[in-house]
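Each chain, letter by letter, is given below.
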Amino acid sequence: MLFNSRRDYVFIILAGIFITNAVVAEMIGAKLIQLGPYFGKGPFIMSIGIIPWPVVFLTTDIINEYFGTKGVRQLSFITAGLISYTFILLFFAMLVRSAPISASVTDEQFNAVFGQSMWIIVGSVVAFLTSQFVDVFIFWALRDRTGGKMMWLRSTGSTVISQLVDTFVVLGIAFWLPGKMTTGIFINTALTDYSIKLIIAVALTPVIYIVHYAIDKYLGNTHSHELIVKSAEQSLHHKVKE
C-alpha cells in the first residue's frame, strides 16, 4: 500500500489543501482590488491573494489538532520550500523570450504579472513561516489554558494574531519596502486585508467542527486526535528537555 494507515490519508489530504492554497495565494497576490463603496478619501483596497489564506490557517489548526506541532512545522518548511521553488521557476521563465506570434503572451505582459508576484513570494516566505510559528504557539497556549475544550477559541484566537503578523509582513516586504505603496495605502490595504481575513476565518469556524467530525468518523475513533496530539506533545517535551 502507498499509505500505511487512514491517518496517512488524512494528512496527505490536509497537506494538499494547505500547499495548494498557499501557492495559489502567491500567484494571485499581486492583484489589488477595490472593496465596497468609497469612504472618505478613497476606497478600501485589498489583495485578491488574501482569499485562500484563511483556508491555510484553518488547515493549520486541524493539523495541529491531529498531528501536533511537529506536523505543522514539517509541512510549513515543505511549503516554504515549494514557494521558493516556484519563485525560481518564475525567475527563469521571465528570462526566456516569448515566441513572436500574435497569440503569444508578450514578455512585458508576462513580466508585469509574475514580476510582481516574485516580490509577493519573497515577502510571503518570510511572513508565512513567521505567522505559522506564531499560530502554533498561540494555538497550544490556548489549548493548554482551556484544557483541550473550546476548539473555536484556540482556532480563532491563533488565527487572529498569526494573520495580523502575516498581513503586515507580506505587504510590507512586497509593496511598501520596494516603494510600490505609500505608507497610507500600505496601512489601508493591510487593515482591509486583515479585516477580510478575519471575517472569512470566523465564517469558516463551523467548517472546523464539520471537518473534525468527518475525520473522527473516518478514523473510527472520536478520541483519536487526542491520542495523536498527546503523543506529539510528549515528543516535543522530550526534545525541549534534551
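Residues numbered from 1 in each chain as written. Predicted model: local features only at pLDDT ≥ 70, side-chain atom pairs only at ≥ 80, totals over all residues. Heavy atoms only, no water.

J.: Help me get a handle on the packing of aromatic side chains, residues and values and all.
T.: Considering all chains together, one arrives at nine aromatic pairs under this definition. Their ring planes at 65° and their centres at 5.8 Å tell us that Phe18 and Phe128 sit as a pair that is edge-to-face. With a gap of 110 residues between them, Phe18 in helix 1 (residues 6-28) and Phe128 in helix 3 (residues 107-146) connect regions that are remote in the sequence. We note that Phe18, like Phe128, is buried. Ring geometry for Trp53 against Phe128: centres 5.9 Å apart, planes inclined by 40°, an arrangement best described as tilted. One end of the pair, Trp53, is in helix 2 (residues 53-95); the other, Phe128, is in helix 3, and 75 residues separate them in sequence. Of the two residues, Trp53 and Phe128, both sit in the buried class. (Phe/Tyr/Trp six-rings, centres within 6.5 Å; stacked < 30°, edge-to-face > 60°. Helix = DSSP H or I, 4+ residues; strand = E, 2+ residues; numbered from the N terminus. Buried < 20%, exposed > 50% of the residue type's maximum accessible area, 1.4 Å probe, protein only.)

J.: Explain the confidence of the model for the protein residue by residue, including any values.
T.: Taken as a whole, the protein shows an average pLDDT of 79; of its residues, 83% reach a score of 70 or greater. For the protein, the element scoring lowest by mean pLDDT is helix 7 (residues 224-241), at 48; helix 1 scores highest, at 89. Long-range and interchain partners of residues 234-242, a stretch whose pLDDT sits below 50, account for three contacts in this model, where long-range means more than four residues apart. (pLDDT = per-residue confidence, 0-100. Contact = heavy atoms within 4.5 Å.)

J.: Which residues make up the nonpolar core, and what values go with them?
T.: Counting residues in hydrophobic clusters, the biggest one holds 30 residues, and the most contacted among them are Leu14, Phe18, Trp53, Ile63, Phe128 and Ile215. Looking at this core, the elements that each hand over two or more residues are helix 1, helix 2, helix 3 and helix 6 (205-219). Of all the elements, helix 2 adds the most residues to this core, at 12 residues. When neighbours within four sequence positions are excluded, Phe128 is seen to be in contact with Phe18, Trp53, Val56, Ser76, Thr79, Ala80 and Asp166. Counting residues in hydrophobic clusters, the runner-up holds eight residues, among them Ala174, Met181, Phe186 and Ala190. (Core = buried A, V, L, I, M, F, W, Y, C linked by side-chain atoms within 4.5 Å.)

J.: Run through helix 2, naming residues and quoting values.
T.: With 43 residues, helix 2 extends just 30 Å between its outermost C-alpha atoms, more than 12% less than the 63 Å of an ideal straight helix rising 1.5 Å per residue. By the largest-angle criterion, Phe67 marks the main kink of helix 2, which is about 130°. (Expected span 1.5 Å × (residues − 1). Bend = angle between axes of the 7 residues up to and from the residue.)

J.: Explain empty space enclosed by the protein to me, using residue names and the numbers behind them.
T.: For the structure shown, the criterion picks out two cavities of 30 Å³ or more. Lining the largest cavity are 17 residues, and of these Ser47, Ile50, Trp53, Ser124 and Val170 sit closest to its centre. Among the secondary structure elements, those contributing two or more residues to the lining of the largest cavity are helix 1, helix 3, helix 4 (151-176) and helix 5 (183-203). Here the lining of the largest cavity takes five residues from helix 4, the largest share from any one element. Partitioned by chemical class, the residues of the lining of the largest cavity number eight nonpolar, five polar and four charged. As a volume, the second largest cavity reaches approximately 80 Å³. (1 Å grid on protein atoms, 1.4 Å probe; cavity = no way out; pocket = protein on both sides within 12 Å on 5 of 7 lines; lining within 4 Å. Points joined across faces, edges and corners; volume = space filled by probe spheres on them. Nonpolar A, V, L, I, M, F, W, Y, C, P; charged D, E, K, R; others polar.)

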